[in-house]
Amino acid sequence: MLLFGSHVGTISQEVMEFRFSKGKVCPHCAAESISRNGKYNGKQRYLCKACKRSFSDFTNSAIYKSRSSLEKWLKYAKCMIAGYTIRKSAEIVGINIATSFFWRHKILNCLKSFNGIGHVDGVVEADEVFFAESFKGTKPSKMPRKSRHRGAQVKLRGISHEQVCVATAIDRQGNLIMELLCKGRMTSNDLKKLYDGRIGKSSILCTDSHKSYNKFARDLSLDHKRIPSGKHKEGVYHIQHINSIHSKLKRWMRVFNGVSTKYLSSYMCWFKWMELFGSDKDTIKIRNFIVQSCVPHAYTKVSDFKTRVPAFI
Ligand SMILES: [Zn+2]
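Summarised in this report is the structure supplied together with it. This is a predicted model, so every value here is computed, not measured.

1. Side note on the coordination of the zinc ion
1) Next: With distances of 2.3 to 2.4 Å, the protein atoms coordinating the zinc ion are Cys26 (SG), Cys29 (SG), Cys48 (SG) and Cys51 (SG).
2) Next: Each of the 4 donor atoms bound to the zinc ion contributes to angles spanning 105 to 116 degrees, and the resulting shape is tetrahedral.
3) Next: The motif formed by the donor residues of the zinc ion, counted along the single chain, is C-x2-C-x18-C-x2-C.

2. Observations regarding the sheet that holds strand β1 (residues 34-40)
Consider a sheet: its strands pair through backbone hydrogen bonds, and that pairing is either parallel or antiparallel.
1) Next: As summarised here, the arrangement of the 3 strands in space is β1-β2-β3, forming an open sheet in which the pairing is antiparallel. Only two strands of the sheet have a single neighbouring strand rather than two, namely β1 and β3 (54-56). Taken pair by pair, the neighbouring strands of this sheet meet at an average axis angle of 35 degrees, ignoring direction.
2) Next: With 3 bridges connecting them, strand β2 (residues 43-48) and β3 associate as antiparallel partners. Residue pairing for β3: Arg45 is matched across the bridge by Ser56.

3. A short note on the nonpolar core
1) Next: Ranked by internal contacts, the top residues of the largest apolar core, which has 59 residues, are Phe131, Leu249, Met253, Leu264, Tyr267 and Met268.
2) Next: Residue-level mapping places this core at the junction of two domains, with at least three residues from each of domain 1 (1-59) and domain 2 (123-140 + 157-277).
3) Next: Discounting chain neighbours no more than four positions away, the residues touching Leu249 are Val129, Phe131, Met178, Met268 and Phe271.

4. What to know about the packing of helix α2 (residues 70-81) against helix α4 (residues 97-115)
1) Next: As a packed pair, α2 and α4 sit with axes 11 Å apart at the nearest point and diverge in direction by 80 degrees. Accordingly, the angle class assigned to the pair α2 and α4 is roughly perpendicular. Of the residues in α4, those in contact with Lys72, Trp73, Tyr76 and Met80 of α2 are Ser100, Trp103, Arg104, Ile107 and Leu108.

5. A closer look at the pattern of salt bridges
1) Next: Tallying each qualifying case throughout the model produces 7 salt bridges.
2) Next: Between Glu125 and Arg172 there is a salt bridge, with the nearest N and O atoms lying 3.0 Å from each other. Note that Glu125 is positioned in strand β4 (residues 123-132) and Arg172 in the loop between β5 (163-171) and β6 (176-183), a separation of 47 residues in sequence.
3) Next: For Asp219, the salt bridge identified is with Lys215, shortest N-O distance 2.9 Å. With Asp219 and Lys215 both in helix α6 (residues 211-219), this residue pair falls 4 residues apart, about one helical turn.
4) Next: On the accessibility criterion, Asp219 (35% relative accessible area) is partly exposed.

6. Quick look at α6
1) Next: Three or more residues of α6 are buried, namely Ser212, Tyr213, Asn214, Phe216 and Ala217.
2) Next: Ser221 sits one or two residues past α6 and shows a positive phi near 50 degrees.

7. Looking at the packing of helix α7 (residues 240-254) against helix α8 (residues 261-277)
1) Next: With their axes 11 Å apart at the nearest point, α7 and α8 run at an angle of 120 degrees to one another. The angle between α7 and α8 places the two elements in the oblique class. For α7 against α8, the interelement crossing comes out right-handed. Every residue of α8 that contacts α7 at Ile245, Lys248, Leu249, Trp252 and Met253 is listed here: Leu264, Tyr267, Met268, Trp270, Phe271 and Glu275.
2) Next: The residue makeup of the contact of α7 with α8, split by class, is 9 nonpolar, no polar and 2 charged.

8. Structural notes on the packing of aromatic side chains
1) Next: Under the definition given, this model contains 21 aromatic pairs.
2) Next: Between the aromatic rings of Phe20 and Tyr46, the centroid separation amounts to 5.2 Å while the plane-to-plane angle is 80 degrees, which identifies the pairing as edge-to-face. Separated by 26 residues along the polypeptide, Phe20 in the loop between α1 (5-19) and β1 and Tyr46 in strand β2 bring together distant segments of the chain. For the pair Phe20 and Tyr46, a shared accessibility class is recorded, and that class is buried.
3) Next: An aromatic cluster is present here, built from Trp252, Phe256, Tyr267, Trp270 and Phe271 joined pairwise through their rings.
4) Next: The side chain of Lys88 reaches across the aromatic face of Tyr84, ending 4.0 Å from its centre.
5) Next: Directly above the aromatic system of Phe131 lies the positively charged group of Lys250, at a separation of 4.4 Å from the ring centroid.

Cut-offs used in this document
- Residues numbered from 1 in each chain as written.
- Predicted model: local features only at pLDDT ≥ 70, side-chain atom pairs only at ≥ 80, totals over all residues.
- Heavy atoms only, no water.
- Donors = N, O, S within 2.8 Å, 3.2 Å for Na, K, Ca; no water.
- Tetrahedral: all angles 85-135°; square planar, octahedral: opposite > 155°, others 65-115°.
- Pairing = 2+ DSSP bridges.
- Helix = DSSP H or I, 4+ residues; strand = E, 2+ residues; numbered from the N terminus.
- Axes fitted to C-alpha atoms, helices over the stretch in contact; angles between N-to-C directions.
- Core = buried A, V, L, I, M, F, W, Y, C linked by side-chain atoms within 4.5 Å.
- Buried < 20%, exposed > 50% of the residue type's maximum accessible area, 1.4 Å probe, protein only.
- Domains from an automatic or database assignment.
- Contact = heavy atoms within 4.5 Å.
- Parallel < 35°, antiparallel > 145°, perpendicular 65-115°, else oblique.
- Salt bridge = Lys/Arg side-chain N within 4 Å of Asp/Glu carboxyl O.
- Left-handed = near helix turned anticlockwise from the far one by under 90°.
- Nonpolar A, V, L, I, M, F, W, Y, C, P; charged D, E, K, R; others polar.
- Phe/Tyr/Trp six-rings, centres within 6.5 Å; stacked < 30°, edge-to-face > 60°.
- Lys NZ or Arg CZ within 6 Å of the ring centre and 35° of its normal.

Here it is, written out as structure tokens:
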């Protein structure tokens, strides 16, 4: 008995509808003259009249070229939604650990491409959170510096260049921006790179008293409420939502035992997905997770992971 049997048909249908929502387009050359070309393994094939190449609804998606069934991917989605480690997910789904690693990151690349950076509006809380820079998984010969013992604290006090900054903004509707911003202290220019055009024009920005936000808010002509440190509230203006989201993020990240900085932005996208969709019903969550992993043409080759560098904004 297949756990997700009834989902498979609806997922294919949904992916196709998303992909062809603005007309049929070839994923290889973007031409628009497409004809149906039979079915293979239950999946509809198409032929592009321009480049003569064939494709399916899943070409260049997270599951592209996978020999595993969609059922297995759905099981894997369930593990990711539960926040399981690579090892635990591998055991549950019945794949090896390397495959589990690549599935996780292929999915996250697609989710990132599907959901984008986002947009916030109205009363907007903004703050940043820091993680120790990590080269986990990098060969010793390619290390830019000597590695720290796992879990060892960054030596310098305060914010140093051995930390990376994740910037977060949330509004009262629950819209969320959460991105790997820069190494070390952020500047108002870093903030502008991320938020320009992504914060509604008549928003009220609530932050702590960090001076980078002052200049940034002035430059973007945003109404700015600064909450002095030690004080938590100025009427409806506060930064309690963002403080609690950052505590939650730190707790959630602890399970993964140190994430390499080059994968940090993917983890932020994963966490954000859980924040945005986590309260949906389980079956809907799993289906949406896989649909969003299949709609974008954001397939990552295994060799691309080897040359990966941190994706700062
Ligand atoms: Zn084509």
